[in-house]
Amino acid sequence: MSDGHDAVGNNPGVLKESSITPVLQLRRVNVSFSGRVAVRDVSFDVAPNKITSLIGPSGSGKTTILRSLNRLHDLTKGAKVDGDLLLDGVDIYKGGIATMLLRSRIGMVFQRPNPFPTLSIYDNVVSGLRFNGVRKKSLLDEAAESALISAALWDSVSSRMKVHASTLSGGEQQRLCIARALAVEPEILLMDEPTSSLDPVSTQRIEELMTELKNRVTMVIVTHNMQQAARVSDDCAFLLMADDRAGELIEFGPTDKIFHDPSDARTLDYVHGRFG
Amino acid sequence: MNQSTQRFFSRRNASDSPQGLRARGGSDRFYVWTLRGVAMLFSAILLEFVYSIVHQSWPAWTHEGITLLTGTTWNPAASVYGALPLILDTVISTLVALLFAVPIGLGTALVLIFVLPRRLQAIASALVELLAAIPSVVYGLWGLYVLVPWMSATVQPWLASLTGGRWPFSGDNLGAGIMLASVVLAVMILPTIVAISRDVIAALPKDLNEGALSLGASKSQVLRKVILPSAKSGILGAISLGAGRALGETIAVLMVIGGNAQMPRSLFSVGATLASTIATEYTEASPQNLAALGALAVILMALTAGVNVLARRLVNRSSGLSS
């Protein structure tokens, strides 16, 4: 049951007899847009304080899965998410968690750095807290400093907090976005190809940062870069697009196993760069 | 424009083989010079235009001096040329028009983008743009036939009751007047404000919206704290274009404002704007009066140019910080 040979429909992603309580559980998750199935029957667990990567070719549904985890599909007309998505055992769609609260518990970093262009560095970092009603200056200051330190950005921006965020370099902007997400103190941080628009040096710094952040936050990362998945993630989900263009989970397991000893031949082909 | 054109061409030159460079160099030069020629021609026309209007009005400026701007009586028949009432009526009617048109226009733009389903959105957008295609004389007629009775019977009595008949809703309620001109102007500039602010807001990257939502923001917070501030410069542009149109609008205003160049006492006062005065009086103007009307044109141009410069400065201030 834990292996990927009989992948579809048999919960290939559920780790056998896991001793750790997963923070996020996906059970037979389906996502469709106006009736067209984009993701079918995906099940896997996200372990706390680990990095879980989603890999697979374009169209395999990685980002679609990621965006279902903080209900961003709610914005898309005709989008429908089925199945169970449990955050600490409570279903994030059917369990009565307010969407805004959910999104402050599950933060997100996007493909393109998206700091708010009209706000200063400081205002960007504390924007999430302000959205959530925090007004006290001392609290905001404290949170801003600690989030920027966590995002390895404090040293370079502490002297220019009032400067507009758009003056930062791309890599710095992405770290600012990570700091902004961290300031809300989420349990989980979703990252949608967070380095795909960055240069190699910035990419490396973000990857180092992710490893450092593991003790604070659980991360789920979508990446096109297999080396990145291999370098930073602990667990890895490999997805493929089926004949009807719906994304399916082929295999889920510890990253080491996926990359070196996968159960499914297609996984082996993909991680060895034979397609995709 | 000149600078960016040059940059564009030099970039193309740099990346080509020597052969291609020569061939393209020739056609590039042709384009550069054509564009320069067009740009210079355009500047020359503009300069000539300003010069001739100023030149035309010069006798009035030398003769009347500052009273042209500060005099409170405009009576060309008696050779008294004080344009202050006209300036005030122009500015007030535009400001009041903006007061109506900006919130309604912005609200409409937001509804078009965020509320309506896509198909209705296209239809509603087309309708709004159709408003812009109606000739202003038709707006004027509509104002006379429909709005004058409505203003005098319903709206103005209600406004007067709000302040107990005191300023700014005081005086005789004739229906026509500054208030009505403002309402007509508001309707006329609405499509400009809706169309431009809609395009500016729709052009904002989607991930700003999603970035804010992902931090736990509510939809109204996204709107107030992220969308509107990010679109600020474009919205200011929309407002200044609307203001420019309202300041210079002639025929519709002429038909509904009452045509009486006196110092405005309230929003119910009849009045006359710079543009409407030029249009009414030029047919029977003596040379002396013609110079005074030229002076009104100069003042009007200065006003619209001032709005433009102000808008640019506001835009630069916000975008200079943002990008």
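Worth saying up front: this structure is predicted, and the values here are computed from it rather than measured. (Residues numbered from 1 in each chain as written. Chains lettered and ligands numbered in written order. Predicted model: local features only at pLDDT ≥ 70, side-chain atom pairs only at ≥ 80, totals over all residues. Heavy atoms only, no water.)

The next point concerns the overall build of chain B. Of the regular secondary structure elements, chain B holds 13 helices and 2 strands. Considered along the principal axes of its C-alpha atoms, chain B spans approximately 75 × 55 × 35 Å. Here the analysis covers contacts within chain B between residues at least 6 apart in sequence; of these, 73% occur between residues at least 24 apart. Separation of charge centres in chain B, based on 21 positive and 13 negative side chains, amounts to 15 Å. (Helix = DSSP H or I, 4+ residues; strand = E, 2+ residues; numbered from the N terminus. Contact = heavy atoms within 4.5 Å. Lys, Arg positive; Asp, Glu negative; His and termini not counted. Charge placed at Lys NZ, Arg CZ, Asp CG, Glu CD.)

Turning to the overall build of chain A, a few remarks are in order. In terms of helices and strands, chain A carries 10 helices and 10 strands. Against the 2.2 N^0.38 benchmark of 19 Å for 276 residues, chain A shows a C-alpha radius of gyration of 19 Å, consistent with a compact globule. Referenced to the eigenvectors of the C-alpha coordinate spread, the extents of chain A come out at roughly 55 × 40 × 35 Å. Relative to its 276 residues, chain A shows a buried fraction of 56%. (Rg over C-alpha atoms; globule rule 2.2 N^0.38 Å. Buried < 20%, exposed > 50% of the residue type's maximum accessible area, 1.4 Å probe, protein only.)

Moving on: the pattern of salt bridges. Here the structure, examined in full by the defined rule, presents 22 salt bridges over all chains. A salt bridge links A:Arg67 to B:Glu210, with the shortest nitrogen-to-oxygen separation between them at 2.6 Å. Note that A:Arg67 is positioned in helix α1 (residues 62-69) and B:Glu210 in helix α8 (residues 206-213), a pairing that runs across two chains. The exposure classification of A:Arg67 matches that of B:Glu210, with both residues buried. Linking A:Glu187 and A:Arg105 is a salt bridge whose minimum nitrogen-to-oxygen distance equals 2.5 Å. (Salt bridge = Lys/Arg side-chain N within 4 Å of Asp/Glu carboxyl O.)

Ranked by size, the top nonpolar core spans 56 residues in total, and within it B:Val184 and B:Ile201 carry the most contacts. The element best represented in this core is helix α7 (residues 178-202) of chain B, accounting for 14 residues. With near-sequence residues (within four places) excluded, B:Val184 lies in contact with B:Tyr139, B:Gly143, B:Leu147, B:Ala252 and B:Val256. In terms of nonpolar packing, the next biggest core, distinct from the first, is built from 35 residues, A:Val125, A:Val157, A:Leu182 and A:Leu189 among them. (Core = buried A, V, L, I, M, F, W, Y, C linked by side-chain atoms within 4.5 Å.)

This part takes up the side chain of B:Ser57. Residues and elements named next belong to chain B. With respect to the element layout, Ser57 can be found in helix α2 (residues 18-64). Of note is the side chain of Ser57, whose polar atom sits 3.0 Å from the backbone oxygen of Val54. Beyond its immediate sequence surroundings of up to four residues, Ser57 is in contact with Ala291, Gly294, Ala295 and Val298. (Polar contact = N/O pair within 3.5 Å; in protein donor to acceptor, adjacent residues only side chain to side chain.)

Time to look at the sheet that holds strand β3 (residues 51-55) of chain A. Residue and element names in this part refer to chain A. With mixed pairing, the 10 strands of this open sheet are ordered in space as β5-β4-β1-β2-β10-β9-β3-β8-β7-β6. Single-partner strands in this sheet number two, and they are β5 (90-91) and β6 (106-109). Sheet topology note: the strand β2 (residues 36-46)/strand β10 (residues 247-254) ladder contains 2 bridges and is parallel. Within β10, the residue paired with Val39 across the bridge is Gly247. (Pairing = 2+ DSSP bridges.)

Residues and elements named next belong to chain B. The tally for this structure, following the rule as stated, stands at 7 aromatic pairs over all chains. Here Tyr139 and Trp142 contribute two aromatic rings whose centre-to-centre distance is 6.5 Å and whose plane-to-plane angle is 75°, an arrangement assigned as edge-to-face. Remark: Trp142 and Tyr139 occur in helix α6 (residues 136-163); sequence separation between them is 3 residues, near one turn of the helix. When its relative accessible area of 4% is taken as the criterion, Tyr139 is described as buried. (Phe/Tyr/Trp six-rings, centres within 6.5 Å; stacked < 30°, edge-to-face > 60°.)

We now examine the interface of chain A and chain B. Much of the literature gives interface size as the accessible area that the parts lose upon coming together. Taken together, the contact between chain A and chain B spans 28 residues of the former and 23 residues of the latter. Roughly 2,100 Å² is buried in total at the junction of chain A and chain B, and carbon and sulfur atoms are behind 60% of that figure. On inspection of chain A and its partner chain B, the count reaches 2 salt bridges. B:Asp207 is the salt-bridge partner of A:Arg112, the closest N and O atoms lying 3.3 Å from each other. At the surface where chain A touches chain B, the tally comes to 6 residue pairs in polar contact (both at pLDDT 80 or more). Only α2 (99-105), β6, α3 (121-131) and α6 (170-183) of chain A provide two or more residues apiece to the side of chain A that touches chain B. If one sorts the elements of the side of chain A that touches chain B by residue count, α3(A) sits on top with 4 residues. Residue classes in the side of chain A that touches chain B are distributed as 12 nonpolar, 10 polar and 6 charged. (Buried area = accessible area lost by both parts, 1.4 Å probe. Nonpolar A, V, L, I, M, F, W, Y, C, P; charged D, E, K, R; others polar.)

On to the packing of helix α5 (residues 118-133) of chain B against α7(B). All names here are of chain B. With their axes 8 Å apart at the nearest point, α5 and α7 run at an angle of 135° to one another. Between α5 and α7, the crossing angle belongs to the class labelled oblique. As α5 runs across α7, the sense of the crossing is left-handed. Residues Ser125, Val128, Glu129, Leu131 and Ala132 of α5 form the contact with α7, whose own contacting residues are Pro191, Val194, Ala195 and Arg198. (Axes fitted to C-alpha atoms, helices over the stretch in contact; angles between N-to-C directions. Parallel < 35°, antiparallel > 145°, perpendicular 65-115°, else oblique. Left-handed = near helix turned anticlockwise from the far one by under 90°.)

Our focus in this paragraph is the pairing of β10(A). Residues and elements named next belong to chain A. Of all 8 residues making up β10, 7 are buried, and the element is well covered by its neighbours. Across 7 bridges, the pairing between strand β9 (residues 235-241) and β10 is antiparallel. Bridge pairing in β10 links Cys236 to Gly253. Counting the residues between successive antiparallel strands, the hairpin from β9 to β10 contains 5 residues, one of them, Arg245, with a positive phi of roughly 70°.

Let's shift gears to the pairing of strand β7 (residues 188-192) of chain A. All names here are of chain A. The element β7 is largely enclosed, with a buried count of 5 among its 5 residues. Where β6 and β7 come together, 4 bridges link them in parallel fashion. Counted as the bridge partner of Met108 is Leu190 from β7. Strand direction decides the pairing type here: β7 and strand β8 (residues 218-222), joined by 5 bridges, are parallel.

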